Amino acid sequence: MNVEDYLSGQVLLIDKPLNWTSFQVVNKVRWLIRKQFSLKKLKVGHAGTLDPLATGLLILCTGKFTKKIDTYQAQEKEYTGTITLGATTPSYDLESEIDQTFDISGISSEMIHAATQQFVGDIQQHPPIFSALKKDGKRLYEFARAGEEVEIPARNIHISAFKITNIDLPNIDFRVACGKGTYIRSLAHDFGKALDNGAHLSVLRRTKIGEFDVANAVSIEEFEQMLTSS
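Residues numbered from 1 in each chain as written. Predicted model: local features only at pLDDT ≥ 70, side-chain atom pairs only at ≥ 80, totals over all residues. Heavy atoms only, no water.

### Points about the pairing of strand S10 (residues 155-168)
Stage number 1. In terms of strand pairing, strand S7 (residues 121-125) meets S10 through five bridges, oriented antiparallel. When the bridges of S10 are listed, Ile123 appears paired with Ile157.
Stage number 2. The pairing of S10 with strand S11 (residues 171-178) spans eight bridges and is classified as antiparallel. When the sheet's bridge partners are listed, Ile159 is paired in S11 with Cys178.
Stage number 3. Hairpin connection, S10 to S11: the antiparallel pair is bridged by two residues. (Pairing = 2+ DSSP bridges. Helix = DSSP H or I, 4+ residues; strand = E, 2+ residues; numbered from the N terminus.)

### Some remarks on the side chain of Asp93
Stage number 1. For Asp93, the location among the structural elements is in the loop between strand S5 (87-88) and strand S6 (100-101).
Stage number 2. Among buried charged residues, Asp93 stands out as having no salt bridge; its nearest opposite-charge side chain is Arg185, 4.0 Å away.
Stage number 3. Among the polar contacts listed, one links the side chain of Asp93 to the side chain of Ser91, at a separation of 2.6 Å.
Stage number 4. Here Asp93 is in contact with Asp51, Leu53, Arg185, His200 and Leu201, once residues within four sequence places are set aside. (Buried < 20%, exposed > 50% of the residue type's maximum accessible area, 1.4 Å probe, protein only. Lys, Arg positive; Asp, Glu negative; His and termini not counted. Salt bridge = Lys/Arg side-chain N within 4 Å of Asp/Glu carboxyl O. Polar contact = N/O pair within 3.5 Å; in protein donor to acceptor, adjacent residues only side chain to side chain. Contact = heavy atoms within 4.5 Å.)

Put into structure tokens, the structure is as follows:
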């Protein structure tokens, strides 16, 4: 691809590495393209944030295609990951320390499979306090890090599939297909509650957004190699 391709608009599929923010990926890709073609400016944006502890498909749009970001964000997404039973964290994942532990000895695989049913379809979900959503002009995670309690209203979300793919307690592997605005961390937390227990998200990978599949995505290193060899 040449400089005009990136300016007129491209959809780039990046496999986001662990411990990178989505914003860092955008910045890195923008910098690589600008450096390669000696550009002063280039629009690059992503279609749907992934948490730093998540990996997988990140859609990046360049140039005029940044106008398509809202369209991609609205599409159904698929995730695979691991829910760990028997412990909760304030962030609902491993970004924060375990704050409570539970006995899981009474939980059977039948109970686990049965509990998924109440999360399929149109449901109400409370976003995690450790999130970038805004309330009263502040990000929710700012309240959380300051130790302030804040009421977060539930939101309507849609989950079209929630399948358990492996059980090796305390870990439960899953696949989820869901609509816009779904927090998989909240799903993990609520799943623990549904079992009268506690749970948090320990692994998350986004595998699909609409028709786009992570199998067709490249790492940042691969993108850099493609860019410099073109």
